[in-house]
Amino acid sequence: MALYVRAMTPDTTVIYNASCPICSREIELYRRYSTARGLPLRFDDLNTVQLAQWNLTPEDAARRLHVIEDGKLLSGTDAFLTMWARMPRYRPLARIVGLPGIRHIAALVYEAALAPALYALHRRRVRRLECKGPL
């Protein structure tokens with residue numbers, strides 16, 4: 001649990017899918033909150049960063065939220081816990097969701113239901129755009 005309550009560091013980067021309307025909306029809330037408070041969080045669209053240095057493909061990156069902190073890549077529930085722990089308003093959420101049992105359930109729900117559903121929506125958007133072709 002100590003991992004999620006340690007001091008903020010300037011090298012915490014959130015990698016998210018900006019082309020996903022749901023993801024973008026949620027991340028924009030975190031971005032506005034952290035920017036207004038001068039928190040050392042950075043938010044990067046997966047389409048604008050060098051994913052290969054983290055052994056991520058664009059498809060892998062679109063499947064779930066990723067956070068890079070202290071040179072370590074975290075994904076899924078661990079990424080959310082790390083991001084939330086860096087924002088005072090969300091720190092209690094990180095502590096609660098990070099508790100044994102709750103963390104396990106949250107990871108199961110995210111990995112088995114939420115992340116796959118968002119990824120499926122993303123794939124449908126991509127296919128729709130591919131069918132339309134260039135303008």
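See the structure above.
Residues numbered from 1 in each chain as written. Predicted model: local features only at pLDDT ≥ 70, side-chain atom pairs only at ≥ 80, totals over all residues. Heavy atoms only, no water.

Draft legend 1. View of the sheet that holds strand 1 (residues 12–16). Strand order in this open sheet of four strands is 2-1-3-4, and the pairing throughout is mixed. At either end of the open sheet lies a strand with only one pairing partner, and these are strand 2 (41–45) and strand 4 (72–75). Looking at each pair of strands side by side, their axes are set apart by 25° on average, direction ignored. Relative to strand 2, strand 1 is paired through five bridges, and the arrangement is parallel. Counterpart to valine 14 in the pairing with strand 2 is phenylalanine 43. Docked against the sheet, helix 1 (residues 21–36) engages strand 1 and strand 2, running at close to 150° with respect to strand 2. On the sheet, helix 3 (residues 77–85) packs against strand 1, strand 2, strand 3 (66–69) and strand 4 and is oriented at approximately 110° with respect to strand 4. (Pairing = 2+ DSSP bridges. Helix = DSSP H or I, 4+ residues; strand = E, 2+ residues; numbered from the N terminus. Axes fitted to C-alpha atoms, helices over the stretch in contact; angles between N-to-C directions. Contact = heavy atoms within 4.5 Å.)

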